[in-house]
Structures are given as C-alpha cells and as structure tokens.
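Residue-level listing of the chains:
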Amino acid sequence: MTLTTGVRADADRHARLRRLALATLDANWEHDHTVPSRSLYPHQWSWDSAFIAIGLAHVRPDRAWRELRTLFAAQWVDGRVPHIVFNPASRAGPYFPGPQFWDSARADGSPARATSGIVQPPVHAPAAWLVHRRAPGEASVAALRRLYPRLVAQQRYLTGRRDAGGGLASIVHPWESGLDNSPAWDAPLAGVPADEAVMRAYRRHDTAHADAAQRPTDLDYARYVALVESYRAGRYRDDGLLGRHPFLVECPLVNAALGVSEYALARIAAVIGADPGPHRDRGARITEALVNRLWDPVTGTFRPRDVRADRLVPARTVLGLMPLALPELPAAQVSALLAEACSPRFGLAARMDRPLPTYDRTAPDFEPLRYWRGPSWINTGWLLWQGLRTHRRVDLAAGLRESLLDLVDRAGCHEYFHPDTGAGLGSPAFSWTAALVLDALAQE
C-alpha cells in the first residue's frame, strides 16, 4: 500500500465511522437526553450521559450541554446524581427495575422526577470540561458557570456521605461502579443472602432484549435486588451504612474519577472566576488515599477494598488500571500499572492483536461473552486511553485508539465486544460507543 493509498483509506474510515456514530446518536436522542439504547436502556443513565456529551460536543454542542443539564435537573438535595432518570413518556414498555421498584419519592430530598436511588462513577466534571474544550465560547462558559455548583455538590456527596472512614468514597451496589457483574464484586457479594428463585416475581428487561448468555445471571440479579431493598429500606440514607448494609466497597474507578473530577473542577473554576486551589488540594488528597488504601504492591495494581471485611478483593480487573488517569499518580504506580496493562492479562501494546478485555484474560473464570466478566468495552478503553495520554505514553495510546476504532469499524456501535474475535455483543446501536468514537476520531 502506498502512502497516498493509506491516507485515503484512513480518511475513508474516518468519514465512515463519523457517519455511523452520528446516525446512532441522532437515532437515540429523546427530546432532552440520549438513551443508551432504544431497546435495552430506554431511559437516561448517569455516566452514559457524561460520555455521550463528550462525543456530542464535536457535532451537536448545544445538545451536549442539554444532555448534562437534563441529568443534573434530577440531582438530589444531598448532591447525589442518580444512575437512572426515568422518562415517563418512554415508549419501550415496562422496564425492570423501574420507578415503582426504586420508589425514590419515599426518600427525603429526592427530585420530583422518578429516579433510582444509587449513583454511578462521577465522570461528569471531566465531561463538562471536555465539552467546553471541544466547543469553547461564551455559551460554554455560561454553561460551565451554571453546572459548576451542581458538580461541586456531587463531589461533596461522594467524598462526605459516602466516606466510611478511609478518605475514599464507598459504593453500596455493584451497579454504582458501572461494571455491574465484574469479578471484582464476587467476593463482597458472596456474603449477600439471596435466592435466584426471587427473580420469578420479576420480568427482567435485559434478557428480553439480549442473549441471556451475555448478561448477568439470575443469582447476580437476586443479589442486586436484595441490595436495593436494603438501601431502600433506609430511605437511601447513608448514615450508619457499615452497620446495616451488606455491601460497602471502595472502588478504584469511582475514586479515580473523583480525583480526576477535582482537577477538572480546578480548570472550570479558573474559567468562571472561582478558586481552583481547593480542588487541586482535594485531587491530591484523593490520589494519596487511593494509593494508601487500594494499591497492592505485590501484584502491582489497584484493587477494590471490601470495607466490611477490610481487605482487598483478589480479582484483577480493568478497574485496577483506571487510576492511571490521575495526573499526580506517583511514578512507581504509573510504571507498575503500565506493566500490568501490557501483560498477557490485558494485552495493551503499540500494535494490539486483540481488544482490551475488562478482566484478566488468563484467569480460569474469564468469560468472553458475559457483560463485564471479559468482554471489551469502549468506555473503559477510552478511560485508559485518557490515562495513557495524561502520562505521555503516546505509543501505547495510539495502539489502544487504533484498536477501539477497529472494533467499531468491523462490528458497528455495539454495547460491548468479544475480547478475542471483536464480534459485537449486547445492544447493536449503543450511544456511548458512538460518542467516544467521535472523540477518538477527533484526537489523533
């Protein structure tokens, strides 16, 4: 292939992927937000909207800001941003677990709109900053000014009410990590009493629209239901969680996102005339707490901490790589994380033979089809790509970017992908896949 032919092929692929991504996002737009998937996820999801806004900034910046405004309009008084905001006009039929199951109205400080009672990783401040950077101007500065106090409230909720005493935020449900059925949660979930027979009382929405072999099991769901019931019984209060709630875990992704958010808020503060110093200080403290609480020097990776058992969980998942996004992560941890990412467990390279998995592909319980127990996801790849760029590993960043774009070029904007073959899995028209492809295309 000549240089001219190669350049033309790259340009053709760029145009093809851009058309596909834009068509996917336009098809999933729902008057004031984007659904992750028309069939599988017919409402608004929290971290999905953050990723979607990043992509929309390149093509529909007004819509990107509206995406974030709509989500934060459902913020609770205590600052939490719910992981689902239900659309009462949804045409997709009954969704489980739906608004009646969550019963958010019973909680003090919940919004008028029906929502869930739990959160997802706080990737919203970096998203807002990137939307501004992708399409700067007076309108974006005004949008940052309006959103800033809500982003600060979100941070205060997580670093305050969800701190069980170790200086990090704890999650109360695997769904809050975003990686629902990751092997990282197997050990903490083992102590949650549940019987999969309880699921006979419900009709799962996900397995009605996707292959059950690619989804969490009924036993997983029984435990998810039990955890929601426990949290809901306390009206979603966070006081005394250690004594009354059966799942409490410090997650590397959630806390890395908290730290990165403080640095993003420092940049936002500087633009809107607020003081960036406290945000930078909090970012440094979160980074230090992550290293002190979740770093495992034996294996050279970060691990979630089961707060109730006070021990690190054994599974080596992509969650452990996510702190690479922290700009002030010490050099020893950066070096070790790069070694972990480039090992046969994850296969990161300047030229990648296979997609980045979400779980150690050498583990005996690696499952290439089942959701977060092996498959490759664009968002975790994109987050690692951001970390590689933060620490100036342009060779590895370029290899990962190429791998992500290849996945979508070959299989489409799927929800996730087979970590060996690259075949598309889950929803065939997934919004954050489309959005993050747009961002990757724009960032050579």
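Reading the values: the criteria
Residues numbered from 1 in each chain as written. Predicted model: local features only at pLDDT ≥ 70, side-chain atom pairs only at ≥ 80, totals over all residues. Heavy atoms only, no water. Helix = DSSP H or I, 4+ residues; strand = E, 2+ residues; numbered from the N terminus. Rg over C-alpha atoms; globule rule 2.2 N^0.38 Å. Buried < 20%, exposed > 50% of the residue type's maximum accessible area, 1.4 Å probe, protein only. Contact = heavy atoms within 4.5 Å. Pairing = 2+ DSSP bridges. Polar contact = N/O pair within 3.5 Å; in protein donor to acceptor, adjacent residues only side chain to side chain. Core = buried A, V, L, I, M, F, W, Y, C linked by side-chain atoms within 4.5 Å. Salt bridge = Lys/Arg side-chain N within 4 Å of Asp/Glu carboxyl O.

In this section: the overall build of the chain. A tally of helices and strands in the chain yields 16 helices and 10 strands. In summary, the chain has a C-alpha radius of gyration of 20 Å against a globular reference of 22 Å for 444 residues, a match within 12%. Projecting the C-alpha coordinates of the chain onto the three principal axes gives extents of approximately 65 × 55 × 45 Å. Counting across all 444 residues of the chain, residues that qualify as buried make up 61%. Sequence-distant contacts, at least 24 apart, represent 71% of the contacts inside the chain between residues at least 6 apart.

Here the focus is the sheet that holds strand β3 (residues 170-171). Picture the strands of a sheet paired through backbone hydrogen bonds; they go either parallel or antiparallel. Spatially, β3-β4-β7-β8 is the arrangement adopted by the 4 strands of the open sheet, whose pairing is antiparallel. This sheet does not close on itself; its edge strands, each paired only once, are β3 and β8 (311-312). Where strand β4 (residues 249-250) lies against strand β7 (residues 305-306), 2 bridges are found, and the strand directions are antiparallel. Paired with V249 across the two strands is D306, which belongs to β7.

This part covers the side chain of S427. As for its position among the elements, S427 is in the loop between β10 (424-425) and α16 (431-442). With relative accessibility at 4%, the residue S427 sits in the buried group. A polar side-chain atom of S427 sits 3.4 Å from the main-chain amide nitrogen of A429. In this structure S427 touches S37, L40, C413, H414 and E415, once residues within four positions along its chain are discounted.

Since the α-helix packs 3.6 residues into each turn, any two residues three or four apart lie on the same face. Of all 11 residues in helix α5 (residues 124-134), 9 are buried, a share of seventy percent or more. Taken residue by residue, α5 has H124, A125, P126, A127, A128, W129, L130, V131 and H132 as its buried positions.

All right, on to the nonpolar core then. With 133 residues, the main nonpolar core has W185, I268, L388 and L400 as its most contacted residues. In terms of residue count, the dominant contributor to this core is helix α11 (residues 252-272) (10 residues).

The next point concerns the pattern of salt bridges. For the structure on display, the rule yields 25 salt bridges. A salt bridge links D409 to R16; its shortest N-O distance comes to 3.0 Å. Here D409, found in helix α15 (residues 394-411), pairs with R16, found in helix α1 (residues 3-27); they are 393 residues apart in sequence, far enough to count as distant. Taken together, the shared-partner salt bridges in this structure form one network comprising D78, R80, R162, E176 and D238.

Read these as layout, nothing more, since geometry by itself doesn't imply function.
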